[in-house]
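Architecture at a glance
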Amino acid sequence: MTAIDSRTMPIGAAFDRMPFTRRHVLIALALFIAFVIESWEQLALVYVSGDLGSSFRIDEAGVGVVLSAVAFGMIPGVLVWGPVSDRVGRRPTAFWSLLAYGVIALASALATDFAVLVTLRVASGLALAGVCRDAGQCLRR
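The rules behind each value
Along each chain, numbering runs from 1 in the same order as the chain's sequence is written. Where local features are concerned, this predicted model is filtered to residues with pLDDT of at least 70; where side-chain atom pairs are given and counted, the filter is 80 or more; whole-chain, interface and lining totals use all residues. The side-chain figures draw on all heavy atoms in the structure; neither hydrogens nor water molecules are used. Secondary structure elements are taken from DSSP: a helix is a run of H or I of four residues or more, a strand is a run of E of two residues or more, and numbering for both begins at the N terminus. The term salt bridge refers to a pairing of a side-chain nitrogen on Lys or Arg with a carboxyl oxygen on Asp or Glu at a separation within 4 Å. Three exposure classes are used, based on accessible area relative to the maximum for each residue type with a 1.4 Å probe and protein chains only: buried under 20%, partly exposed in between, and exposed over 50%. When two rings of Phe, Tyr or Trp (its six-membered ring) have centres within 6.5 Å they constitute a pair, described as stacked for plane angles under 30 degrees, edge-to-face for angles over 60, and tilted for the intermediate range.

**Topic: the environment of S85**
One can find S85 in helix α5 (residues 60-88). In sequence terms S85 and G130 are 45 residues apart; their C-alpha atoms lie 8.2 Å from each other.

If you want it as structure tokens, here you go:
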């Protein structure tokens, strides 16, 4: 038996021994706030989708692209934020990515055309991925 084999444990054993602390509550609260903000942004776009379509001269498919752009940005965002969080730490990464998400989401409200709006929504998804990836990882610290 090697040293690695003697140190293995069942997957849930580490979590069974981990106490539930105030830190876990704060991390859960931060995640909740991030997802509420993103959900409100998404819901607001759904409410104004008719006006959005007429203002930017796009059909329902174009509105769908705008609505799903955040999810498209989160795919490469997770790959980008992983190495960043390994280098600078999970808390700073979660903080700065949430701040970047807020700024970019606010800027998307000022988009002048469809291309700018989609670009900003993809960028906000890229930023939001750092919050989603790292807030959950903070529990393992």
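Alright, that's what it looks like, and here's the rest.
**Notes on the pattern of salt bridges**
Summed over all chains, the structure comprises two salt bridges. Its salt-bridge partner being R90, residue D86 comes within 3.9 Å of it at the nearest N-O pair. Using a relative accessible area of 56% as the deciding quantity, one classes D86 as exposed.

**Examining the side chain of S124**
As for its position among the elements, S124 is in helix α7 (residues 114-137). Note on S124: relative accessible area 1%, which makes it buried.

**Here we look at the packing of aromatic side chains**
By the definition in use, this model includes one aromatic pair. Ring centres of F95 and W96 lie 5.0 Å apart, and the angle between their planes is 80°; this geometry places the pair in the edge-to-face category. Residue W96 is classed as exposed on the basis of its relative accessible area of 52%.

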